[in-house]
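An overview of the molecular structure
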Amino acid sequence: MIHFVLLISRQGKVRLTKWYSPYTQKERTKIIRELSGTILTRAPKLCNFVEWRGFKVVYKRYASLYFCMCVDQDDNELEILEIIHHFVEILDRYFGSVCELDLIFNFHKAYFVLDEILIAGELQESSKKTVARLIAAQDSLVEVAKEQESSISNIIAQATK
Amino acid sequence: MALSGMRGLSVFISDIRNCQNKEQERLRVDKELGNVRTRFKNEKGLTPYEKKKYVWKMLYIYMLGYDVDFGHMEAVSLLSAPKYPEKQVGYIVTSCLLNENHDFLRIAINAVRNDIIGRNETFQCLALTLAGNIGGREFAESLAPDVQKLLISSSCRPLVRKKAALCLLRLYRKNPDVVNVDGWSDRMAQLLDERDMGVLTSSMSLLVSLVSNNHEAYWSCVPKCVKILERLARNQDVPQEYTYYGIPSPWLQVKTMRALQYFPTVEDPNTRRSLFEVLQRILMGTDVVKNVNKNNASHAVLFEALALVMHLDAEKEMMSQCVALLGKFIAVREPNIRYLGLENMTRMLMVAEVQDIIKRHQAQIITSLKDPDISIRRRALDLLYGMCDVSNAKDIVEELLQYLTTADFAMREELSLKAAILAEKFAPDLSWYVDVILQLIDKAGDFVSDDIWFRVVHFVTNNEDLQPYAALKAREYLDKPAIHETMVKVSAYLLGEYSHLLARRPGCSPKEIFNIIHEKLPTVSISTIAILLSTYAKILMHTQPPDRDLQSQIWAVFSKYESCIDAEIQQRAVEYHALSMKGAALMDILAEMPKFPERQSPLIKKAEDSEADTAEQSAIKLRAQQQNSNALVVTDQRPTNGAQPAGQLGLVKVPILSNADQSAAEIVSHANGALTVVDPQPPSTPSPDLLGDLLGPLAIEGPTGAAPASVASGLEGGVDADALAIAPIEEQANAVQPIGDIAERFHALCLKDSGVLYEDPYIQIGLKAEWGGHRGRVVLFLGNKITSPLNSVQALILPPSHLKMELSLVPETIPPRAQVQCPLEVMNLQPSRDIAVLDFSYKFGTQLVNVKLRLPAVLNKFLQPISVSAEEFFPQWRSLSGPPLKLQEVVRGVRPMPLAEMANLFNSLNLIVCPGLDPNPNNLVASTTFYSESTRAMLCLIRTETDPADRTQLRMTVASGDPTLTYELKEFVKEQLVNIPVPSRPPLAMPSHIQPTSPPPSAISDPGALLAGLL
């Protein structure tokens, strides 16, 4: 299973974290520190796997962002590597050519997307189309609620004029 | 789409981004946290929109790495918001901020359950996602039935059901009992008929988890899995959106093959045939393509197929096909494939038939050992290690040695350990083995642990043919300009034992040997000097007829070190000096080391034990093994100044110490006439490790071993009483008899905090202590009992390494009938049973009185009672599973006592017995908190299982969060159980090194007589 997902920028800034195994806040900070030290310093053109504390971290760099997933030692590394790519493709489709800035200002959307792809550290959906459809549905629910709200507050505002 | 849709949030994120440095960022974050906090406090004024915005800000701040210790409640409360936008935020933020052990989650269970059983599909999805991501045991127990219902419901849409499948998987992991196997196995098989690929993928993950635990109930899933695999491999009936770069869901393929690997075999011939057809197709039909993602995906499937083929015991032909593929992979440029090729080849080693085929790739694998990527180098090392046998050991080990000089530091220790093990396991001849280890020490001395060179000594000692060769090699290395200290140690040891075998060679006369070794002395540490001194003594012994010149040189060295500050060195110098004056008698005493008993290499054991191989852990293990001797004598074995952990001990250090202790005990018993024959074995009975091996024989071989030490202790009085760290100060003790039993007083003070530590006709030393956490304050009361002053009063604390002790100034003179108070500050740095000693002396008239007193700053003083309830105890007990955090031992030779008395003893040690926790009335469960600087406050749990039929033995289990603490506490309690002071105790059992009773003067003045008596 995937124990956690990290998105770290080249400068070591954390862009997203998701923990599927229980870690305390302290452990989380330590893991992030340790792994950014290990992964960000790796030269290009090496393999995408790092052995770490009896686990394996599968990572891949996209532009300025490192996507990392920590799995058990006997998990299938390439499968995980392609889950990362699957995630990136969906983000790309959703944001329209995604860049780091999108993930900074819309970090919450990245969480929505991730929750449609992984649950319990396992792959939930391998169809990009389905994920896109579900996210769009969620967005529209939020939109509808917003409109309702503003129309209600308009009504109230007019009523109290 | 650069804006979040929430202006406040975007502004905050921009602000953070504009911060020039970490300090500014912190200020901005603090400001925001303050703002959010006040807004949450007067919650009434918050619109749902604002609440949402603040909760997102909290998550953002949390993600940046700041502590967010409030607002969890607000996040959790959003879960039950009626509208989707708020609810969604509540769910996402809660599952990011909290982990499954967080208390707030309990509050959330109900809200989550309501959403799961509610009618709203989107709410169900949110709730299932949260439970699937952070649900713990309680979630499992209260939600599992509802989740199962959703998963198999025909009215639910796939988007809910796939989430339910993974949610159930999580709940099952947290508590396997929530899935009732009987009822569920049929359902599970049905789920595999699912048409929706999303649901099928999730269900397959669930199946993997279920069968990994217990495959028996799920045999009916096997043919279905094979069907799915066939369908995917042939790309039949797979919707376009579920193909990934043209490959039908590679993830589902991988998972299905993973599930099949949990079944011992596939028996049904038809199913088996279909399966092998599919596997064959995958093995043969996977080509390297240009597109990275397609390549990765197809190889993910391929590697899983390889694993399945290996698991299924395919025919040799197919296996060879696999090896051939892997051989291709380890030579490709693509690093991922190369890495996986090496990894899977290592797994393939388990298949005996293909090992020879794998060996053909040796050259290629060795190339990977020099790969720029450490991940790949690690795999290559592992594979080489695994495939090594007698036929290729020479080549492989030589490669490893060569690589050692350029290897990165992170790998050197592992590398040298592996090289040493291979050399030992597969050495075609022993001289090669010696060569390898010496090279290892030469090239990477820092990474060669003591066990490795001990092992060389072991082999050389046991093989006479090897001795001249080893000595010669050692001699050659000494010619090198700069050699590692470990090399000095091993060379000195070997030359001390065997250099006389080289005598006729040029450059190998005793004098030349001495000179070349002595050159190194100024550069080495104390523990090595100790070995060098032994070597000198041996050289002297082997030089027959004596070479006057050499003799005086060596004697000069000895006399120089007779005043060394290190007690061990000093003692050796004194003893060797005195011994070497004895002339021919030296021969008997310093005879060659006897052969070691054969047993499994501790190196191999070490490699097997320490998977994570942290140096610390193995050191603890080593130590544990070493001291694993008979519990009854453990206490007697403690050196007085027992500060050094055993791992640091020099080669011959322990035997001398323990022999000195022991021979002192012998002398004592001799003197008392209670026992004339003393079994010389106990203190150093063969311990199951190598250190024990090297050190053991001195003690085991009674006569040769015990002799030097007993002579030494006999000499002590005559030579220089003050210089000796270990033996009691007989002469003075003779003159001034202590009142009462010192050992008993010490034991009493171990259990209470005030009392008399020592008393004789002139002085009384009282003690009062206060302990709190890892600190303590002890006040010593020095009372002059007589009407004239006591002069030259000196109090010196000899603290063990784990205690920091500061004694305030002690006045030189104690006026008549006066009492002086000397406060002593104690700080406990780490868990240890070593004991601090007070070296106290004064002059009465012209007579010097010196006593060495153990101070009751013992382990139990740093314990504070804490009683735990069953709810607290059991989770802790379970979570500390197995060594090194939880240790168990059967203790024999326990002083028989009723259970109530044992409970009292535990309570008096601050180990609070918790009645009722253990259903068996013969068992005691106790808990306590240990304090030290390194461990802070740490909960310790102890369980003793007694046998009503045999009160002299019990089984004890000790658990704590720190391996050293667990070990020390276990030993400590054991000591208490087997070694409780009783007034009528025979003198032998008392800690001999402080025993004030002294041997009769005749024994001291005539070592020869003493020796004769002992032999």
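Please read these numbers as outputs of a predicted model, since none were measured by experiment.

Some thoughts on the overall build of chain B
Each helix and strand counted, chain B has 44 helices and 16 strands in total. Residues counted as buried form 58% of the 1015 residues belonging to chain B. Here the analysis covers contacts within chain B between residues at least 6 apart in sequence; of these, 68% occur between residues at least 24 apart. When the accessible area of chain B is evaluated, it comes to approximately 41,100 Å², of which 52% is carbon and sulfur surface.

Brief notes about the overall build of chain A
A tally of helices and strands in chain A yields 5 helices and 7 strands. Of the regular secondary structure in chain A, the N- to C-terminal order runs β-β-α-β-β-β-α-α-α-β-β-α. In chain A, buried positions account for 61% of the 161 residues. Taking as baseline every contact in chain A between residues at least 6 positions apart, the subset at least 24 positions apart corresponds to 46%. Entry remark: accessible area of chain A is about 6,400 Å², with carbon and sulfur atoms responsible for 57%.

So, the interface of chain B and chain A
Taken together, the contact between chain B and chain A spans 80 residues of the former and 69 residues of the latter. For the pair chain B and chain A, the two sides together bury roughly 6,500 Å², of which 53% comes from carbon and sulfur. Here chain B is connected to chain A by 10 salt bridges. Here Glu122(A) ties to Lys255(B) by a salt bridge, and the two come within 3.4 Å at their closest N and O atoms. Here chain B and chain A share 39 residue pairs in polar contact (both at pLDDT 80 or more) between them. Residues of the side of chain B that touches chain A, tallied by class, amount to 38 nonpolar, 22 polar and 20 charged.

A look at the side chain of Glu889(B)
Residue and element names in this part refer to chain B. Note that Glu 889 resides in strand E12 (residues 886-892). In terms of polar contacts, Glu 889 uses its side chain to reach the side chain of Lys 970, at 2.5 Å. Looking at Glu 889, its side chain comes within polar contact range of the side chain of Lys 974, at 2.8 Å. Those residues in contact with Glu 889, other than ones at most four positions away along the chain, are Leu 954, Arg 955, Met 956, Lys 970, Glu 971 and Lys 974.

Some points on the sheet that holds strand E7 (residues 803-807) of chain B
Residue and element names in this part refer to chain B. Pairing is antiparallel in the open sheet, where 5 strands are placed in the order E3-E4-E5-E8-E7. Taken across any chain shown, the strands that pair with only one partner, and hence form the sheet edges, are strand E3 (754-759) and E7. With strand direction ignored, the average angle separating the axes of adjacent strands in the sheet is 25°. Pairing analysis gives 10 bridges linking strand E4 (residues 763-772) to strand E5 (residues 775-784), with the strands arranged antiparallel. Within E5, the position partnered with Glu 770 by the bridge is Arg 777. Against the sheet, helix H39 (residues 742-751) touches E3 and E4, its axis set at about 160° to E3.

Here we look at the sheet that holds strand E6 (residues 791-798) of chain B
Residues and elements named next belong to chain B. With antiparallel pairing, the 3 strands of this open sheet are ordered in space as E6-E9-E10. One side of each edge strand has no neighbouring strand; the edge strands of this open sheet are E6 and strand E10 (847-854). Neighbour to neighbour, the strand axes of the sheet diverge by 10° on average, direction disregarded. In this structure, E6 lies alongside strand E9 (residues 837-844), joined through 6 bridges in antiparallel fashion. Across the sheet, residue Gln 794 finds its bridge partner in E9, namely Ser 841.

Thoughts on the confidence of the model for chain B
Residue and element names in this part refer to chain B. Across chain B, the average pLDDT comes to 79, with 82% of residues at 70 or higher. Looking over chain B, one finds the lowest element-wise mean pLDDT in helix H34 (residues 634-637), namely 30, and the highest in helix H13 (residues 250-260), namely 95. Taken as a whole, residues 610-734 scores under 50 in pLDDT and shows 223 contacts with residues more than four places along the chain or in a different chain. Contacts of residues 981-1015 to residues separated by more than four positions or lying in other chains number 60 contacts, the stretch itself having pLDDT below 50. Scoring of the predicted complex yields 0.64 for pTM and 0.94 for ipTM.

Some details on the packing of aromatic side chains
Enumeration over the complete set of coordinates arrives at 29 aromatic pairs over all chains. Seen in terms of ring centroids, Phe4(A) and Trp19(A) are 5.0 Å apart; in terms of plane orientation they differ by 45°. Their pairing is tilted. In this pair, Phe4(A) sits in strand E1 (residues 2-9) while Trp19(A) sits in strand E2 (residues 14-19), placing the two residues 15 residues apart along the sequence. Accessibility assignment for this pair places Phe4(A) and Trp19(A) in one class, buried. Ring geometry for Trp19(A) versus Tyr23(A): centroids 5.4 Å apart, planes at 65°, classification edge-to-face. This pair shows no difference in class: Trp19(A) is buried, exactly as Tyr23(A) is. One aromatic cluster is present, formed by Phe107(A), Tyr111(A), Phe112(A), Phe12(B), Trp56(B) and Tyr60(B) through successive ring pairs. Cation over ring: Arg37(B) sits above Phe70(B), and NZ or CZ is 4.4 Å from the ring centre. One cation-aromatic arrangement involves Lys418(B) over Tyr385(B); the distance from NZ or CZ to the ring centre is 5.1 Å.

Brief notes about the environment of Leu887(B)
Residues and elements named next belong to chain B. As for its placement among the helices and strands, Leu 887 is situated in strand E12. For Leu 887, a relative accessible area of 16% gives the class buried. Expressed as a C-alpha distance, the spacing of Leu 887 and Ile 942, which sit 55 residues apart in the sequence, is 9.7 Å. For Leu 887, the contacting residues outside a window of four places in its chain are Met 956, Thr 957, Val 958, Thr 966, Tyr 967 and Lys 970.

What to know about unusual backbone geometry
In the Ramachandran plot, Ala120(A) falls in the positive-phi region, its phi being about 55° despite a non-glycine side chain. Turning to its location among the elements, Ala120(A) is positioned in the loop between strand E6 (118-119) and strand E7 (122-123). Classification of Ala120(A) as buried rests on a relative accessible area of 1%. Residue Asn235(B) is not a glycine yet carries a positive backbone phi of 55°. Relative to the assigned elements, Asn235(B) resides in the loop between helix H12 (221-233) and strand E1 (243-244). On the accessibility criterion, Asn235(B) (38% relative accessible area) is partly exposed.

Regarding helix H3 (residues 48-63) of chain B
In this model, H3(B) (16 residues) spans 23 Å end to end at C-alpha, consistent with the 22 Å of a helix rising 1.5 Å per residue. Within H3(B), 14 of the 16 residues are buried, leaving the element largely enclosed by the surrounding structure.

Digging into the pairing of E2(A)
Residue and element names in this part refer to chain A. Of all 6 residues making up E2, 6 are buried, and the element is well covered by its neighbours. Both E1 and E2 contribute to a ladder of 5 bridges, which runs antiparallel. Note on E2: the bridge partner recorded for Val 5 is Lys 18. Taken together, E1 and the strand that follows it, E2, pair antiparallel across an intervening segment of 4 residues, in which Gly 12 is found at a positive phi of about 90°.

Here's the deal with the pattern of salt bridges
Considering all chains together, one arrives at 64 salt bridges over all chains under this definition. Note that Lys128(A) is salt-bridged to Glu89(A), the shortest N-O span being 2.7 Å. Of this pair, Lys128(A) sits in helix H5 (residues 128-159) while Glu89(A) is found in helix H2 (residues 77-95), placing the two residues 39 residues apart along the sequence. Across this residue pair, the class does not change: Lys128(A) and Glu89(A) are buried. In this structure, the salt-bridge partner of Lys970(B) is Glu889(B), at a minimum N-O distance of 2.5 Å. With Lys970(B) in helix H42 (residues 963-978) and Glu889(B) in strand E12, this residue pair connects regions lying 81 residues apart in the sequence. Assigned by exposure class, Lys970(B) and Glu889(B) land together as buried. Put simply, Glu51(A), Arg379(B), Asp382(B), Glu414(B) and Lys418(B) are held in one network by salt bridges that share partners.

Points about the side chain of Lys489(B)
With respect to the helices and strands, Lys489(B) occurs in helix H26 (residues 485-498). Apart from residues no more than four positions distant in its own chain, Lys489(B) is found in contact with Asp450(B), Trp453(B), Ser527(B), Thr528(B) and Ile531(B).

Considerations on the pairing of strand E15 (residues 936-947) of chain B
Residues and elements named next belong to chain B. Direction of pairing for strand E14 (residues 923-932) relative to E15: antiparallel, over a ladder of 10 bridges. Its bridge partner being in E15, Val 925 is matched across the sheet by Arg 943. From the end of E14 to the start of E15, which pair antiparallel, there are 3 residues. Summarising the sheet, E15 and strand E16 (residues 950-960) pair through 8 bridges and their orientation is antiparallel. Residue pairing across strands places Arg 943 opposite Thr 957, the latter belonging to E16.

Criteria and cut-off values
Residues numbered from 1 in each chain as written. Chains lettered and ligands numbered in written order. Predicted model: local features only at pLDDT ≥ 70, side-chain atom pairs only at ≥ 80, totals over all residues. Heavy atoms only, no water. Helix = DSSP H or I, 4+ residues; strand = E, 2+ residues; numbered from the N terminus. Buried < 20%, exposed > 50% of the residue type's maximum accessible area, 1.4 Å probe, protein only. Contact = heavy atoms within 4.5 Å. Areas by Shrake-Rupley, 256 points an atom, 1.4 Å probe, with all protein chains shown as cover. Buried area = accessible area lost by both parts, 1.4 Å probe. Salt bridge = Lys/Arg side-chain N within 4 Å of Asp/Glu carboxyl O. Polar contact = N/O pair within 3.5 Å; in protein donor to acceptor, adjacent residues only side chain to side chain. Nonpolar A, V, L, I, M, F, W, Y, C, P; charged D, E, K, R; others polar. Pairing = 2+ DSSP bridges. Axes fitted to C-alpha atoms, helices over the stretch in contact; angles between N-to-C directions. pLDDT = per-residue confidence, 0-100. Phe/Tyr/Trp six-rings, centres within 6.5 Å; stacked < 30°, edge-to-face > 60°. Lys NZ or Arg CZ within 6 Å of the ring centre and 35° of its normal. Expected span 1.5 Å × (residues − 1).

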